[in-house]
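# Summary of the model geometry
Here are the chains, one letter per residue:
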Number of protein chains: 2
Amino acid sequence: MPNEPKPTNVALPLEDMLAASSASDWRQLEPEDTLYIDFELARVVIELAPAFAPLHVSNIRKLAREGYWDGLAVVRVNDNYVVQLADPLADDPVRKRKISSASETLPPEFDRAILPGLPFNALPDADVYAPAVGFTNGFPAARSDEEGRTWLVHRYGTISAGREVSIDSGSGAELTAVIGHAPRQLDRNVTVVGCVRQGMEFLSSLPRGAGGLGFFKGDDADLVIKAGRMASDVPVSERSFIEVLRTDTPFFARLIESRRNRYDEWFHKPAGRVDIGNVPVPVRTA
Amino acid sequence: MPNEPKPTNVALPLEDMLAASSASDWRQLEPEDTLYIDFELARVVIELAPAFAPLHVSNIRKLAREGYWDGLAVVRVNDNYVVQLADPLADDPVRKRKISSASETLPPEFDRAILPGLPFNALPDADVYAPAVGFTNGFPAARSDEEGRTWLVHRYGTISAGREVSIDSGSGAELTAVIGHAPRQLDRNVTVVGCVRQGMEFLSSLPRGAGGLGFFKGDDADLVIKAGRMASDVPVSERSFIEVLRTDTPFFARLIESRRNRYDEWFHKPAGRVDIGNVPVPVRTA
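Treat the numbers as computed from the prediction; the structure is a model and nothing was measured.

### Notes on the overall build of chain A
- Broken down by element type, chain A carries 4 helices and 16 strands.
- In terms of overall dimensions, chain A is globule-like: its C-alpha atoms have a radius of gyration of 20 Å, near the 19 Å expected for 286 residues.
- In terms of principal-axis extent, the alpha carbons of chain A reach across some 70 × 40 × 40 Å.
- Counting only residues that meet the buried cut, chain A has 58% of its 286 residues in that class.
- Surface exposure of chain A reaches about 12,000 Å², of which carbon and sulfur atoms provide 51%.

### Observations regarding unusual backbone geometry
- At A:Leu213, a position not held by glycine, the phi torsion is positive, near 60 degrees.
- Within the fold, A:Leu213 resides in the loop between α3 (200-204) and β14 (225-230).
- The exposure class assigned to A:Leu213 is exposed, which follows from its relative accessible area of 55%.
- A positive phi is found at B:Arg188, a non-glycine position, where the angle reads about 65 degrees.

### What about helix α4 (residues 250-260) of chain A?
- Among all positions in α4(A), only A:Phe251, A:Phe252, A:Leu255, A:Ile256, A:Ser258, A:Arg259 and A:Arg260 are buried.
- The secondary structure elements touched by the buried residues of α4(A) are α1 (14-19), β8 (132-136) and β15 (242-245) of chain A.

### Notes on the packing of aromatic side chains
All names here are of chain B.
- Tallied over the entire structure, the rule returns 8 aromatic pairs over all chains.
- A ring pair is formed by Phe39 and Phe202, whose centres lie 4.9 Å apart and whose planes are at 45 degrees; its orientation type is tilted. Linking Phe39 in strand β2 (residues 34-39) with Phe202 in helix α3 (residues 200-204), this pair joins segments that are 163 residues apart in sequence.
- Using a relative accessible area of 5% as the deciding quantity, one classes Phe39 as buried.
- Classification of Phe202 by relative accessible area gives buried; the value is 17%.
- Positioned above the aromatic ring of Tyr36 is the side chain of Arg43, whose terminal nitrogen or guanidinium carbon lies 3.9 Å from the ring centre.
- The lysine or arginine in question, Arg188, covers the ring of Trp151, its NZ or CZ lying 3.8 Å from the ring centre.

### Concerning the relation of the copies chain B and chain A
- At an RMSD of 0.0 Å, chain B and chain A line up after a rotation of 180 degrees and a shift of 0.0 Å along the axis. Within this description, the copies of the chain are treated as partners about a two-fold rotation axis.
- A high fraction, 100%, of the interface residues of chain B reappear at the interface in chain A, so the copies pair face to face through one surface.

### Some words on the sheet that holds strand β9 (residues 139-144) of chain B
All names here are of chain B.
- Strand order in the open sheet made by the 5 strands is β6-β10-β9-β8-β7, with antiparallel pairing throughout. The sheet is open, and its two edges are formed by β6 (112-113) and β7 (121-122), each paired on a single side.
- Alignment of β7 against strand β8 (residues 132-136), held across 2 bridges, turns out to be antiparallel. Bridged to Ala122 within β8 is Gly134.

### Topic: the interface of chain B and chain A
- On the chain A side, the residues contacting the 40 residues of chain B number 40 residues.
- Taken together, the two surfaces of chain B and chain A that pack against each other cover about 3,800 Å², and 57% of this comes from carbon and sulfur.
- Considering only the surface of chain B that becomes buried against chain A, B:Val128, B:His181 and B:Trp266 emerge as the three largest contributors, covering 20% of it.
- Across the contact surface, chain B and chain A share 0 salt bridges.

### Remarks on the pattern of salt bridges
- Counting across every chain of the model gives 40 salt bridges over all chains.
- The salt bridge involving B:Glu47 is made with B:Arg197; its shortest N-O contact spans 2.9 Å. Highlighted residues: B:Glu47 in strand β3 (residues 43-48) and B:Arg197 in strand β13 (residues 191-198), separated in sequence by 150 residues. Pair check on accessibility: B:Glu47 and B:Arg197 agree, each one buried.
- Because the salt bridges share partners, they merge into one network encompassing A:Glu32, A:Asp33, A:Arg61, A:Arg65 and A:Asp233.

### Section: the environment of A:Leu85
All names here are of chain A.
- With respect to the element layout, Leu85 can be found in strand β5 (residues 82-86).
- Along the backbone, Leu85 and Leu29 are 56 residues apart, and their C-alpha atoms lie at a distance of 22 Å.
- Ignoring sequence-local partners within four residues, the contact set of Leu85 consists of Ile37, Phe39, Ala73, Val74, Ala173, Glu174, Leu175 and Ile225.

### Thoughts on helix α2 (residues 54-65) of chain A
All names here are of chain A.
- In this model α2 runs 17 Å from its N-terminal to its C-terminal C-alpha over 12 residues, within 8% of the 16 Å that 1.5 Å per residue would give.
- Taken as a whole, α2 has its buried residues at His56, Val57, Asn59, Ile60, Arg61, Leu63 and Ala64.
- Looking at the buried side of α2, the elements it contacts are β2 (34-39), β3 (43-48), β11 (158-161), β12 (175-178), β13 (191-198) and β14.
- Positive backbone phi, approximately 70 degrees, marks Gly67, located one or two places after α2.

### Considering the side chain of A:Arg61
Residue and element names in this part refer to chain A.
- Assignment of secondary structure puts Arg61 in helix α2.
- For Arg61, a relative accessible area of 16% puts it in the buried group.
- Within the structure, Arg61 has its side chain in polar contact with the backbone oxygen of Glu32 (distance 2.9 Å).
- Every residue in contact with Arg61, bar those within four places of it in the chain, is listed here: Glu32, Asp33, Pro50 and Met230.

### Structural notes on the pairing of β11(A)
All names here are of chain A.
- The alternating pattern of β11 places Thr158 and Ser160 on one face and Ile159 and Ala161 on the opposite face, and all of these are buried.
- Bridge count for β11 against β12 is 3 bridges, and the pairing is antiparallel. Bridge assignment links Ala161 to a residue of β12, and that residue is Leu175.

### Description of the environment of A:Gln84
Residues and elements named next belong to chain A.
- Here Gln84 is to be found in strand β5.
- Gln84 gets classed as buried once you look at its relative accessible area, which sits at 5%.
- For the pair Gln84 and Gly71, spaced 13 residues apart in sequence, the C-alpha separation works out to 14 Å.
- Gln84 has contacts with Ala73, Val74, Val75, Arg76, Glu174, Leu175, Thr176 and Phe215, leaving out every residue within four places of it along the chain.

### What to know about the sheet that holds β15(A)
All names here are of chain A.
- The sheet built from 3 strands is open, its strands ordered β1-β15-β16 with antiparallel pairing. For this open sheet the edge positions go to β1 (26-28) and β16 (283-285), each flanked by a neighbour on one side alone. Each neighbouring strand pair of the sheet contributes to a mean axis angle of 35 degrees, computed without reference to strand direction.
- Here 3 bridges tie β1 to β15, and the two strands are oriented antiparallel to one another. Within β15, the position partnered with Arg27 by the bridge is Val244.

Basis of the calculations
- Residues numbered from 1 in each chain as written.
- Chains lettered and ligands numbered in written order.
- Predicted model: local features only at pLDDT ≥ 70, side-chain atom pairs only at ≥ 80, totals over all residues.
- Heavy atoms only, no water.
- Helix = DSSP H or I, 4+ residues; strand = E, 2+ residues; numbered from the N terminus.
- Rg over C-alpha atoms; globule rule 2.2 N^0.38 Å.
- Buried < 20%, exposed > 50% of the residue type's maximum accessible area, 1.4 Å probe, protein only.
- Areas by Shrake-Rupley, 256 points an atom, 1.4 Å probe, with all protein chains shown as cover.
- Contact = heavy atoms within 4.5 Å.
- Phe/Tyr/Trp six-rings, centres within 6.5 Å; stacked < 30°, edge-to-face > 60°.
- Lys NZ or Arg CZ within 6 Å of the ring centre and 35° of its normal.
- Least-squares fit on C-alpha atoms with pLDDT ≥ 70 in both.
- Pairing = 2+ DSSP bridges.
- Buried area = accessible area lost by both parts, 1.4 Å probe.
- Salt bridge = Lys/Arg side-chain N within 4 Å of Asp/Glu carboxyl O.
- Expected span 1.5 Å × (residues − 1).
- Polar contact = N/O pair within 3.5 Å; in protein donor to acceptor, adjacent residues only side chain to side chain.
- Axes fitted to C-alpha atoms, helices over the stretch in contact; angles between N-to-C directions.

The values are spatial; any link to function lies outside them.
Dropping the structure here:
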């Protein structure tokens, strides 16, 4: 590979590649599947994955509609691991935020059956953790044909539903966002509910928590969540119009290939491979 | 694997495992191979890797001794990728920091020959990018027996020598630290000079640069480097006494196994595998 001549047709850096995309290579986020977590300084836009976590996504919609997250906070920033959005008073039975319309716990949705109609655009390279990895409708996913199961994988930007030791103790009320190296050991151990499509720079650059596992020890006042809302419940004038690159197109296949073989000028020895953590799913403002 | 009973002998979380280590499982950093980059708010401690980048490490010692980094800055914070320490005036031929005793450019040290005496403690699992990965004296490394070559790999905390397009344009004057998912496409494309052993939380939580590739567009004043010094040139009273867990011990092999199979109470389905990005090399204050 390194001694082959560099092909001129896969030479472009990402921005230049994207400039050559067409409108049909992009899709808009569905407002009913889009959760906004608004902070004073930033909006975090999360695309939910009802195809993989229907119970949790339905519950997250209810939680947003009852204003569950409003005034809650970032309670944990664990370096090279996760940010956690939750109730700082969760351990106080009196003062903790009450859940009204939504469920307090749900059965796990760690993986699901492979069914026809669920696209899977596989990466050409092997994976350390799963028989195959790729993308399903823009979400990084893994599958095992032998088991007949597929699941969303943890990588930078993955949103999961926090849970206690019991596997049916999560609800989507407590959300974690991966801010470091893909913690693939979490795959099939926690319900992945979606991906951050905008606002990762805000989450990943938050000051790390000084307590164990990155929990904050004291004042969380500057990390308060102003509001958590479904995009469909926000006035059109206040929505973030974001387009996400489709992952089931010939264009995306070329993007993967360009990530496998970085033939732009700077690269001396293209890897010839790519792992699921190094394939970007670009977004743009519509 | 998921249906096997959980063995009770690999059940411990990392902190509990480390509590059971003995003094001989740890090593102290060599002051002559340790670079301190001091900021107003934090010290970044870098362990250099002369076994893999002898020319660059020798040059970095010279750069530190001529005070090259003093007053330079963080010029780039690229989300989920790298932080870059360099001269904000590098493009100004008159005002840029001059290099006196050190070399301005060096031949690449992207990989090296496999020789007896260089330990390699391999991970038991496959890797997406290389025939084998593991650790050499505490540094994450890859090797190809077929090529007879070994190299340090890029993951969270890896320090590389920035270069221009020409492969012999680096010197160690410009340093990059990985702050995101392991960018393994950089392996063998740039000279890895070491690893951050302390201070990653500071680097990874810096505000992201708003310019292209995360470069800052304007004022870098709050990200100034106070001083870059070899630990051996710093008075003993000002040194950071850090111990790093050895990676060539039975204890470290058990640590890898505990990362492959997370049998602590919370994990429902241990992965049975681990990638090079998910094996920590713990440090402690001596």
